[in-house]
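# An overview of the molecular structure
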Amino acid sequence: MEKRKSIIAGFDIGGAHLKVTRAEDGRIVEAVTIATPLWQGLDKLTSAFDEAAPIYADADLNAFTMTGELADIFPSRDAGVAALLDEISTRFPGEKLIYAGRSGFVRVEEAARLSTDVASANWHATASLVAKRAGDALFVDMGSTTTDIIAVSNGTVANEGYTDAERLLTGELVYTGFTRTFLFGVAASAPVRGRLTPLMNEYFASIADAHRILGVLDEKDDRHASADGKEKTIDGSMARLARMIGRDAADLTPPEWREVARWFSEQQLRKIHDAASLVAGPLARDAPIVGAGTGRWQIRRLAERMERRFVDFADIIPANDTVRGEASSVAPASAVALLAGSQL
């Protein structure tokens, strides 16, 4: 009889998305991202788990990491970790492990006592896998909401900060992402026909609108409603962008709107570049940038600016060709699935 493949499911429980991967014999064969607005209630996570069930069905082991404890339905990070662990225990009665960063994989009972290590440790999981695969590199993971920038050296994670607060101070966490970031989060003004126009400090548009206008957004990566709840088209994005500067879409030509959109994307890149320059300080000049997440287009631009070779996370992990791109977009879920293989 043919020996049954070992199956490990990896989960990254975020505040906006649930990301799930399936690894068979140490290779990612399926990956999925599901919009999960956790700030609206834990029932959103329950629904997302239901939707993802075919991915983790019959898994020998389920491995979890999380950032969803930050959702404002929880009074504190500790309470959020505890609530998510309860959800995991209820949904997954079989073999399961929680990634606790510097403490490694632990059982649910131990994870409850290590909430500081468990909270928002998904970056550590991916950086640990990159360290094993790439040795020396600047690892950059840009998702929908945040960007992690981590140095890996001599096969180990060389982070300076650990908690969100510490990593914000060190530049290892930049709170900007490829789709969900508010435009006034990357700039206070924008050039319009030669005049620097202050922005309206209102959520009229997101960075997804700028990237859609520029033609660099994969629509499957923008899973939440637009700022006005209307269509996700170039015309719709131009109308939203126009409101940010007190105009209507007809006030400028499409090429002019592309220039405004390019300004916002460039301002975002500058924030990431500033932080990456600090984090990359100790690394050798020939260390590449390993990029992951839905914002890899932006990370490629960063590599060009820093004159470093770009390596896609998808190209250094074992994965079926049909899912490589998605496996990179959900890098923490891929990482815990692959790292947990040694626990079987």
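The structure reproduced in this document is the subject of the present report. Please read all numbers here as calculations on a predicted model, not as lab measurements.

### Observations concerning the overall build of the protein
A count of helical and extended segments in the protein gives 12 helices and 14 strands. Here the C-alpha atoms of the protein give a radius of gyration of 20 Å, agreeing with the 20 Å that 2.2 N^0.38 yields for 344 residues. With the C-alpha coordinates of the protein rotated into their principal frame, the extents come out at 70 × 45 × 40 Å. Sorting the 344 residues of the protein into buried and exposed places 57% on the buried side. Long-range pairs, those at least 24 residues apart, make up 63% of the contacts in the protein between residues at least 6 apart in sequence. With the model as given, the accessible surface of the protein reaches about 14,600 Å², and the carbon-plus-sulfur share is 49%.

### What to know about the pairing of strand E1 (residues 7-13)
Within E1, seven of the seven residues are buried, which leaves it mostly tucked inside the rest of the structure. Where burial is concerned, the two faces of E1 agree: the one with Ile 7, Ala 9, Phe 11 and Ile 13 and the one with Ile 8, Gly 10 and Asp 12 are both buried. Pairing geometry for E1 and strand E2 (residues 17-24), over seven bridges, is antiparallel. Residue Asp 12 lies in a different strand from E2, and its bridge partner there is Lys 19.

### Focus: the nonpolar core
Grouped together as the largest cluster of nonpolar side chains are 37 residues, with contacts concentrated most on Ile 28, Phe 105, Val 290, Phe 313 and Ile 317. At the level of secondary structure, the elements contributing two or more residues to this core comprise strand E4 (61-66), strand E5 (96-99), helix H5 (122-134), strand E7 (137-142), strand E8 (147-153), strand E13 (289-292) and helix H12 (331-339). Sequence-distant contacts of Ile 28, defined by excluding residues within four places in its chain, comprise Thr 21, Arg 22, Ala 23, Pro 318, Ala 319, Asn 320, Val 323, Ala 327, Ser 334, Ala 337 and Leu 338. Among the nonpolar cores identified, the runner-up in size contains 30 residues, and Phe 49, Ala 52, Phe 74 and Ala 111 belong to it.

### Focus: the packing of aromatic side chains
Inspection of every chain in the model, using the stated rule, returns 12 aromatic pairs. Look at Phe 11 and Phe 92: their rings are 5.1 Å apart centre to centre, the planes differ by 70 degrees, and that puts the pair in the edge-to-face class. Here the residue Phe 11 occupies a position in strand E1, and Phe 92 occupies one in the loop between helix H2 (77-91) and E5, the gap between them amounting to 81 residues. Judged by its relative accessible area of 0%, Phe 11 falls in the buried class. Ring centres of Phe 64 and Phe 92 lie 5.0 Å apart, and the angle between their planes is 65 degrees; this geometry places the pair in the edge-to-face category. Of this pair, Phe 64 sits in strand E4 while Phe 92 is found in the loop between H2 and E5, placing the two residues 28 residues apart along the sequence. Given a relative accessible area of 3%, Phe 92 falls into the buried group. Chaining the aromatic ring pairs together yields one cluster made of Phe 11, Phe 49, Tyr 56, Phe 64 and Phe 92.

### Some thoughts on the sheet that holds E1
Here six strands make up an open sheet; going across it, the order is E3-E2-E1-E4-E5-E6 and the pairing mixed. Looking at the sheet topology across the chains shown, the edges are occupied by strand E3 (27-35) and strand E6 (105-106). Contacts from helix H1 (residues 43-56) reach E1, E2, E3 and E4 within the one sheet, and its direction differs from that of E2 by about 20 degrees.

### Quick look at the environment of Ala 63
Counting through the fold element by element, Ala 63 comes out in strand E4. Considering only alpha carbons, one finds Ala 63 and Leu 97, 34 residues apart in sequence, at a separation of 4.8 Å.

Basis of the calculations
Residues numbered from 1 in each chain as written. Predicted model: local features only at pLDDT ≥ 70, side-chain atom pairs only at ≥ 80, totals over all residues. Heavy atoms only, no water. Helix = DSSP H or I, 4+ residues; strand = E, 2+ residues; numbered from the N terminus. Rg over C-alpha atoms; globule rule 2.2 N^0.38 Å. Buried < 20%, exposed > 50% of the residue type's maximum accessible area, 1.4 Å probe, protein only. Contact = heavy atoms within 4.5 Å. Areas by Shrake-Rupley, 256 points an atom, 1.4 Å probe, with all protein chains shown as cover. Pairing = 2+ DSSP bridges. Core = buried A, V, L, I, M, F, W, Y, C linked by side-chain atoms within 4.5 Å. Phe/Tyr/Trp six-rings, centres within 6.5 Å; stacked < 30°, edge-to-face > 60°. Axes fitted to C-alpha atoms, helices over the stretch in contact; angles between N-to-C directions.

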